[in-house]
Amino acid sequence: MYMSKVYRFVFIAIVMAIFAGCSAPKPETKPLWYTSPPQDYQFFYATGSGETLKKAKNKAISSLRNQLITKLDAEFAKPLHPLGTISKINVSKILKENTKFIKSLPLRDIQIDKSTNFKGRFLVLIKMEKKSFFEKIEDISNPKFEAVVKKYESLQNEIAIKRFSGLNRLLQEYPILATYTQLKKTTLTTYRVTKEFAFLKKMNDEYNDLKKRLSFYLLSDGNSKVFAKYIKRAIKKEGLKISKTPSSKDSLKLIVKSVTTDSQEYSFMKSSTLIKLSTYDMNKKRISFRQHTFIGKSRKSHKEAKDQSAIHLNGKIKKLGFYDFIGL
């Protein structure tokens with residue numbers, strides 16, 4: 001009898017606890033679409049919050065941009081990328097282009113898919129159609145890609161040094177073209193990027209191969225020594241070797257000759273130098289010739305004036321580019 005009463009009290013206590021639990025207010029939580037945004041093949045999704053609906057949408061757009069940058073960066077970090085082994089320098093350039101391009105790209109086709117007010121703040125879920133975004137990237141990338149391919153093909157009948165200098169210019173587009181191509185693949189996974197990546201890899205591999213095969217043997221007369229040091233520096237900056245022993249049959253000899261005329265101009269010492277640059281191949285055939293005149297002034301000496309003219313030569317190399325400076 002006593003035990004039955006005890007069971008009855010326990011049963012009543014359990015029932016009361018259940019009802020008490022059911023009647024207690026549930027804690028307010030953020031919607032599932034906000035904490036776990038959907039993923040599908042038609043749209044990119046992103047969420048954001050703010051004091052106003054507009055601010056929440058802007059936060060979501062910023063989040064979408066960061067999402068795209070993260071996806072792009074992750075692809076280029078993979079060891080088996082279609083571009084092959086990407087040098088650290090090129091990876092760095094590509095990652096910068098990823099960020100720069102995505103941050104500057106207008107995103108106008110954004111829709112607010114869901115929104116709610118949570119504890120005084122607006123929460124939104126935005127979506128962007130992948131197909132229209134892909135078409136936008138194609139409109140930007142295709143003309144640039146076609147222009148680079150056309151210029152590349154025009155270099156194929158040139159001598160090695162001219163191909164190298166041409167590729168040097170074309171490869172300035174390599175990082176952004178890699179960004180465009182990967183972004184198209186990230187947007188539409190069914191898109192085949194084999195041809196585009198194969199071309200970029202081929203162009204880069206050819207440039208690196210030519211860099212190994214090309215070298216300069218630089219000869220200068222006594223008057224040209226102060227100028228030659230800047231020319232040597234420019235050759236090395238192009239990634240090419242300076243060596244008396246040719247790297248291959250494509251190596252070159254650069255002969256620097258100059259004539260300097262000193263004069264007085266009012267209170268200044270004036271030094272005027274005519275410098276002649278002749279480039280020869282391994283068969284002793286001259287392939288380019290260029291001459292420049294540089295003038296320097298000094299209140300101290302003609303030597304200092306000549307040093308100033310050499311600095312002007314260095315500025316001319318930077319302005320024209322090394323290959324144009326020597327006539328290539």
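Residues numbered from 1 in each chain as written. Predicted model: local features only at pLDDT ≥ 70, side-chain atom pairs only at ≥ 80, totals over all residues. Heavy atoms only, no water.

J.: Just give me the short version of the pairing of strand E6 (residues 252–265), but keep the residues and values in it.
T.: Alignment of strand E4 (residues 215–220) against E6, held across five bridges, turns out to be parallel. Looking at the pairing, Leu218 lines up with Leu254 of E6. Pairing of E6 with strand E7 (residues 268–280), which is carried by 13 bridges, proceeds in the antiparallel orientation. Among the inter-strand pairings, Lys253 is bridged to a residue of E7, identified as Tyr280. The hairpin formed by E6 and E7 contains two residues between the paired strands, and Tyr266 there has a positive phi angle of roughly 60°. (Pairing = 2+ DSSP bridges. Helix = DSSP H or I, 4+ residues; strand = E, 2+ residues; numbered from the N terminus.)

J.: Describe in detail the sheet that holds strand E3 (residues 121–129), supporting the description with residues and values.
T.: With antiparallel pairing, the three strands of this open sheet are ordered in space as E1-E3-E2. In the strand order of this sheet, the two ends are held by strand E1 (43–50) and strand E2 (110–118), each with one partner. When strand polarity is set aside, the average angle formed by the axes of neighbouring strands in this sheet is 20°. As defined by bridge partners, E1 adjoins E3 across eight bridges and the pair is classed as antiparallel. Each residue of the ladder has a partner; that of Tyr45, found in E3, is Lys127. This element, helix H3 (residues 53–76), spans E1, E2 and E3 of the sheet and lies at about 135° to E1. Of the strands in this sheet, E1 and E3 touch helix H5 (residues 130–154), which is tilted by about 60° from E3. (Axes fitted to C-alpha atoms, helices over the stretch in contact; angles between N-to-C directions. Contact = heavy atoms within 4.5 Å.)

J.: Quick rundown of the packing of aromatic side chains? Include the residues and the values.
T.: Inspection of the entire model under this criterion finds eleven aromatic pairs. Here Trp33 and Tyr34 contribute two aromatic rings whose centre-to-centre distance is 6.2 Å and whose plane-to-plane angle is 80°, an arrangement assigned as edge-to-face. By relative accessible area, which is 17% here, Trp33 ends up buried. Classification of Tyr34 as buried rests on a relative accessible area of 16%. An angle of 65° between the planes, with centres 5.1 Å apart, marks the rings of Phe134 and Tyr191 as edge-to-face. Residue Phe134 is found in helix H5, and its partner Tyr191 is found in the loop between helix H7 (174–187) and helix H8 (194–213); the two are separated by 57 residues along the sequence. This pair shows no difference in class: Phe134 is buried, exactly as Tyr191 is. Members of the aromatic cluster, each reached through a chain of ring pairs, are Phe164, Tyr207, Phe216, Phe322 and Tyr323. For Lys127, the ring lying beneath its charged end belongs to Phe43, and the centroid distance is 4.4 Å. It is Lys130 that lies over the ring of Phe44; its NZ or CZ is 4.9 Å from the centre. (Phe/Tyr/Trp six-rings, centres within 6.5 Å; stacked < 30°, edge-to-face > 60°. Buried < 20%, exposed > 50% of the residue type's maximum accessible area, 1.4 Å probe, protein only. Lys NZ or Arg CZ within 6 Å of the ring centre and 35° of its normal.)

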